[in-house]
Amino acid sequence: MIFGGTTVKPAGGKIYKSGNLFSSCKYNDTDRDTYIDLLQITYLDDAPKQQSPSFDPDIFNKKESISRFFNYLRSYREALFLPDVDAPSSSIFAFEAAVTIITAIFSPPSESDKFKIEDEDISIAFRKALDRIEKIEYNVDLEDDANSFNNERTTFYDNDYSTDKSKCSYSVLVETGNIVSKLRDRYHAILLRIYIDKSRKYNNQSSFFYNELISTLYLDNIRHTKPQDEFFIVKPLSLRAVSISVPDLWTYKTYLDEKIVLTEYKCNDKDSLKKRIIAKAKKQYAEYIDILKPEWDIDILNYTGDIIKRVMSLDLLWLYNDANKESGKCREEVEKIIVGYPEIYSYLDSCSDETQSKQLTIILHHAVKEITAFINNRCRFISEYVISQEFSDHKQYVKGIVNGNKFKKLKTFSEGMNSEDSSEPQSLFDEYYYTSGNELPQLISSLQSYYEALKKVHKES
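Remember, predicted model here, so these are calculated numbers, not experimental data.

### Some details on the packing of helix H4 (residues 90-105) against helix H6 (residues 123-134)
At step 1: Packing of H4 against H6 brings their axes to within 8 Å, and their N-to-C directions diverge by 160 degrees. Compared by their axis directions, H4 and H6 come out roughly antiparallel. Crossing hand, H4 versus H6: right-handed. Seen from H4, the contacting residues are Phe 93, Ala 97, Thr 100, Ile 101 and Ala 104; seen from H6, they are Ala 125, Phe 126, Ala 129, Arg 132 and Ile 133.
At step 2: A breakdown of the residues in the contact of H4 with H6 according to their chemical character gives eight nonpolar, one polar and one charged.

What follows is the structure, encoded as structure tokens:
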């Protein structure tokens, strides 16, 4: 997650892309210290270098590594409050958090044989490590700067006075509203909700899905509570980062005097003045967002490419035929697409093989449905993308997918599927486990439509 691969070790003060600590690890103090040395180079050096055999050293992308690692942490605990990747404190936080994880992995084993140690259950130590990570303190940079969009209350200065911000002594709170909601719609990533029943019953008479749905509502002043043994865990489907750090509420600071109020804002009452200052603030805010969009566009293109790669790596012919689903094969497929899958196993391992297979299969179906909806959503926005090398590379990648032999086989297979669903779900529990004969055809159609949208943009440019 940190290095993009396992073939890595510390050597000569650099991250050396040779050797494999992961496969050779004996889980002793020496190996633990070697990993910590590697993490020190990665996160505590100002400009860490990496080197492959027979090549000159080059700069290691620390920011990308931190982003991957933070996504990994969130895949196990979504509510973790982590520093912004660009914040100066993120490197120290990443180092301390990674060492905490390493300490859990190297918790004292009860076996001496390496291969038995590898199979030991460390879920309790791992969860305690996450608890400790939650308590790691870091400093937030409170610099009032237009580029600092990650504070609890961001201050944004009037561009007209950017050369002398000290003149801006008047402030107003601004709610961004539709600007941010549209951005989040455009740049959102997929988070898959996975149903867990710690009691191992997975009873189709469960009221969990109904109570969860209405849990924010009141009936006769009584709030419904969800069962403690049943809950959703949330997992991402990619380690690619799609992060837009823009606040819903921020402070706008500007300069005022009587002449400006009369000539620029053309008003003489306080409500009109406030509205016009806020309108100016939103206009400047939108201009600032436009500067950031190209970088976010590249992120979402990379994310979309990874999501497509993951769903097309699944054995979809196996998933959509009528054969029984063996739990071992289900696990192989889940591990292709779910980030943080070991936590799922920690709840399912004590269940019957039938329950495991059912749960893992439905996770795969949900993933396909979510990815299909995501790709369709991409088609709505793709015409707005700036044409760049990254866009061209992405289009070529998608072209290779839809023109590939696997896609053609899936298309032929999907055309022969029964598109009429045999029964409708009778309860919210049934709906969670409900799968449609249209899932695969819809995925194939969404990928084809997405490629057509990419081609159209290219022609228009």
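### Some words on the environment of Ser 18
At step 1: On the secondary structure map, Ser 18 appears in the loop between strand E2 (14-16) and helix H1 (21-24).
At step 2: Apart from residues lying up to four places away in sequence, Ser 18 is in contact with Thr 7, Val 8, Lys 9 and Pro 53.

### Here's the deal with the packing of aromatic side chains
Any two aromatic rings considered together are summarised by their centre-to-centre distance and by the angle between their planes.
At step 1: Inspection of every chain in the model, using the stated rule, returns 30 aromatic pairs.
At step 2: Centroid distance Tyr 195 to Tyr 202: 5.5 Å. Interplanar angle 85 degrees. Geometry classified as edge-to-face. We note that Tyr 195, like Tyr 202, is buried.
At step 3: Centre to centre, the rings of Tyr 195 and Phe 232 are 6.5 Å apart; their planes meet at 65 degrees, and the pair counts as edge-to-face. Highlighted residues: Tyr 195 in strand E7 (residues 191-197) and Phe 232 in strand E10 (residues 230-236), separated in sequence by 37 residues.

### Thoughts on the sheet that holds strand E1 (residues 9-11)
At step 1: Pairing is mixed in the open sheet, where four strands are placed in the order E1-E2-E3-E4. Here the strands that pair on one side only, and so sit at the sheet edges, are E1 and strand E4 (58-59).
At step 2: Across three bridges, the pairing between E1 and E2 is antiparallel. Bridge assignment links Lys 9 to a residue of E2, and that residue is Tyr 16.
At step 3: Contacting E1 and E2, helix H2 (residues 29-44) crosses the sheet at an angle of about 70 degrees to E1.

### Here we look at H2
Since the α-helix advances by 3.6 residues per turn, residues separated by three or four positions end up pointing in the same direction.
At step 1: End to end, H2 covers 21 Å across 16 residues, agreeing with the expected 22 Å (1.5 Å per residue, within 8%).
At step 2: The complete set of buried residues in H2 reads Asp 31, Tyr 35, Ile 36, Leu 38, Leu 39, Ile 41, Thr 42 and Tyr 43.
At step 3: Looking at the buried residues of H2, the elements they touch are E1, E2, H1, helix H3 (62-76) and H4.
At step 4: Near the N-terminus of H2, the side chain that reaches the backbone nitrogen of Thr 30, with its oxygen 3.2 Å away, is that of Asn 28.

Criteria and cut-off values
- Residues numbered from 1 in each chain as written.
- Predicted model: local features only at pLDDT ≥ 70, side-chain atom pairs only at ≥ 80, totals over all residues.
- Heavy atoms only, no water.
- Axes fitted to C-alpha atoms, helices over the stretch in contact; angles between N-to-C directions.
- Helix = DSSP H or I, 4+ residues; strand = E, 2+ residues; numbered from the N terminus.
- Parallel < 35°, antiparallel > 145°, perpendicular 65-115°, else oblique.
- Left-handed = near helix turned anticlockwise from the far one by under 90°.
- Contact = heavy atoms within 4.5 Å.
- Nonpolar A, V, L, I, M, F, W, Y, C, P; charged D, E, K, R; others polar.
- Phe/Tyr/Trp six-rings, centres within 6.5 Å; stacked < 30°, edge-to-face > 60°.
- Buried < 20%, exposed > 50% of the residue type's maximum accessible area, 1.4 Å probe, protein only.
- Pairing = 2+ DSSP bridges.
- Expected span 1.5 Å × (residues − 1).
- Polar contact = N/O pair within 3.5 Å; in protein donor to acceptor, adjacent residues only side chain to side chain.

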